[in-house]
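Examining the three-dimensional arrangement
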Amino acid sequence: MDARWRWLGALWGITGVIALLLYAVVRLSPIALEALSGRLGSLHYAALLVSIAFFGYTEGYRAFQLQFSPRVVARALSLREHATWPRVLLAPAFAMGFFGATRRRMIVSWVLTASIVVLIRLVGATPQPWRGIIDAGVVFALGWGAVAIAVYAVRALGGEDLLIPTDLPAA
């Protein structure tokens, strides 16, 4: 495969995952803003602060910044050496570990995604303003994740080693 396609696959993997996260931010932001535009009491504001702090730390920092984001970038950039047409065409899914990964990584990716879908359904059934309060924390974490991917991509393209396994299967 031509080197240009390998680089295009790597960039598609990174930008595709960022776009996916930003799409979720755009979809959830109006729900969060709707909750904040209503009459909120001190309990609601306290819950909002807790939601943003909780999701910021657990999802934004611990999950996205320390694990998901550097691995997405590392896997996407691995396409420069390990490209196949399916990997290049589906580079965002490859970067997230849905295929072309160790068995453990694929199980973690699929189970985590299924769990997120269940949580989305549960939170979707929550009445306002509580749903918006939860979504505000989620929006904060998703934005953090998108920024973290961009930062790791710039660092890695500048030559910095990400020091995270790509979880590519043994050849």
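The structure reproduced in this document is the subject of the present report. (Residues numbered from 1 in each chain as written. Predicted model: local features only at pLDDT ≥ 70, side-chain atom pairs only at ≥ 80, totals over all residues. Heavy atoms only, no water.)

**Looking at the pattern of salt bridges**
Our working rule: The salt bridge criterion pairs a side-chain nitrogen of Lys or Arg with a carboxyl oxygen of Asp or Glu, the two atoms within 4 Å. Secondary structure elements are defined from DSSP: runs of H or I of at least 4 residues count as helices, runs of E of at least 2 residues count as strands, and each element is numbered from the N terminus. For every residue, the accessible area obtained with a 1.4 Å probe (protein chains only) is divided by the maximum for its type, and the residue is called buried under 20%, exposed over 50%, and partly exposed between those limits.
Per the stated rule, a full pass over the model turns up 5 salt bridges. Notably, a salt bridge pairs arginine 131 with aspartate 135, separated by 3.4 Å at the nearest N-O pair. Of the two residues, arginine 131 and aspartate 135 are both situated in helix H7 (residues 130–157); the distance of 4 residues between them amounts to about one turn of the helix. By relative accessible area, which is 4% here, aspartate 135 ends up buried. A salt bridge links arginine 155 to glutamate 160, with the shortest nitrogen-to-oxygen separation between them at 3.6 Å. With a relative accessible area of 38%, arginine 155 lands in the partly exposed category. The exposure class assigned to glutamate 160 is partly exposed, which follows from its relative accessible area of 40%.

**Considering the environment of phenylalanine 64**
Rules: Whether two residues are in contact is decided by their heavy atoms, any of which lying within 4.5 Å being enough.
With respect to the secondary-structure elements, phenylalanine 64 resides in helix H2 (residues 42–77). Phenylalanine 64 gets classed as buried once you look at its relative accessible area, which sits at 11%. Measuring from C-alpha to C-alpha, the distance between phenylalanine 64 and isoleucine 149 comes to 8.2 Å, with 85 residues separating the pair along the chain. Leaving out residues up to four positions away in the same chain, phenylalanine 64 has contacts with Leu21, Glu59, Ser69, Pro70, Ala141, Leu142 and Gly145.

None of the figures reported here should be taken as evidence of function without further support.
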